[in-house]
Amino acid sequence: MLAGQVSAQEVPAPLLTLDQDRFFLESDFGKAAVERERVATAALEQENKRIEAELVAEEQALTEERKTLPAKEFSAKAEAFDEKVERIRTEQDAKARKLTDARDDDRKAFLKAAVPVLGELLGQKKATAILDKNLTIVSLSAIDVTDEAIQLVNAALAKESAADP
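Residues numbered from 1 in each chain as written. Predicted model: local features only at pLDDT ≥ 70, side-chain atom pairs only at ≥ 80, totals over all residues. Heavy atoms only, no water.

Counting across every chain of the model gives four aromatic pairs. Measuring from ring centre to ring centre gives 5.5 Å for Phe29 and Phe110, while their planes differ by 40 degrees; the resulting arrangement is tilted. In this pair, Phe29 is assigned in helix H3 (residues 28–66) and Phe110 in helix H4 (residues 71–124), connecting sequence segments 81 residues apart. Judged by its relative accessible area of 24%, Phe29 falls in the partly exposed class. One aromatic cluster is present, built from ring pairs that chain together Phe23, Phe24, Phe29 and Phe110. (Phe/Tyr/Trp six-rings, centres within 6.5 Å; stacked < 30°, edge-to-face > 60°. Helix = DSSP H or I, 4+ residues; strand = E, 2+ residues; numbered from the N terminus. Buried < 20%, exposed > 50% of the residue type's maximum accessible area, 1.4 Å probe, protein only.)

So, in structure tokens, the structure goes:
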């Protein structure tokens, strides 16, 4: 009886869900970001393999020198080699962190560009909120707007790219 007295205007608008990972990964922006990361990661892996091979060869040469060098001289060379290895490890770790930071920056830039699009979608659907699909326990598939959001953000970002000289 109470439900019959509630007017249509008082009924809350629906909630929508969005798969944030899919939204990013299947968007043109996300695909480009993932490809940039893949290329950069592969280059870093190749560089690490090259450096590792060089260090292994240097370590083997140092091991051979041990037989002929005075202990003090060998010790100094071994210590210098260890410092070099630590320096290289620190540099390579910094490069890996830079890749992770770039991934995070890409996600943030995408979200910044996507928020107005999602806001428009929210208005079009007359919804009150868009929830992360992965945090929703039970929902109807009809409230999932991920596919539509991907199409809209691709279109919006394509317009922005076309407008940039």
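Contact geometry of H3 with H4 gives a least axis separation of 11 Å together with a crossing angle of 175 degrees. Relative to H4, H3 is oriented roughly antiparallel. In terms of residue class, the contact of H3 with H4 is made up of 16 nonpolar, three polar and twelve charged. (Axes fitted to C-alpha atoms, helices over the stretch in contact; angles between N-to-C directions. Parallel < 35°, antiparallel > 145°, perpendicular 65-115°, else oblique. Nonpolar A, V, L, I, M, F, W, Y, C, P; charged D, E, K, R; others polar.)

Estimated volume of the largest pocket: approximately 220 Å³. Along its surface, the largest pocket is lined by 13 residues, and Gln20, Phe23, Arg107, Phe110 and Leu111 are the ones closest to its centre. Listed by contribution, the elements that provide at least two residues to the lining of the largest pocket are helix H2 (20–25), H4 and strand S2 (129–132). In terms of residues, the lining of the largest pocket owes the most to one element, H4, which gives six residues. Here the residues of the lining of the largest pocket are counted per class, giving nine nonpolar, one polar and three charged. Of the voids in this model, the second largest pocket is the one considered here, and its volume is about 150 Å³. Ala113, Pro116, Val117, Glu120, Gln124, Leu152, Ala155, Ala156, Lys159 and Glu160 together form the lining of the second largest pocket. For the lining of the second largest pocket, the secondary structure elements donating two or more residues are H4 and helix H5 (146–163). Looking at the lining of the second largest pocket residue by residue, the class counts come to six nonpolar, one polar and three charged. (1 Å grid on protein atoms, 1.4 Å probe; cavity = no way out; pocket = protein on both sides within 12 Å on 5 of 7 lines; lining within 4 Å. Points joined across faces, edges and corners; volume = space filled by probe spheres on them.)

Limitation: the analysis is restricted to geometry and does not speak to function.
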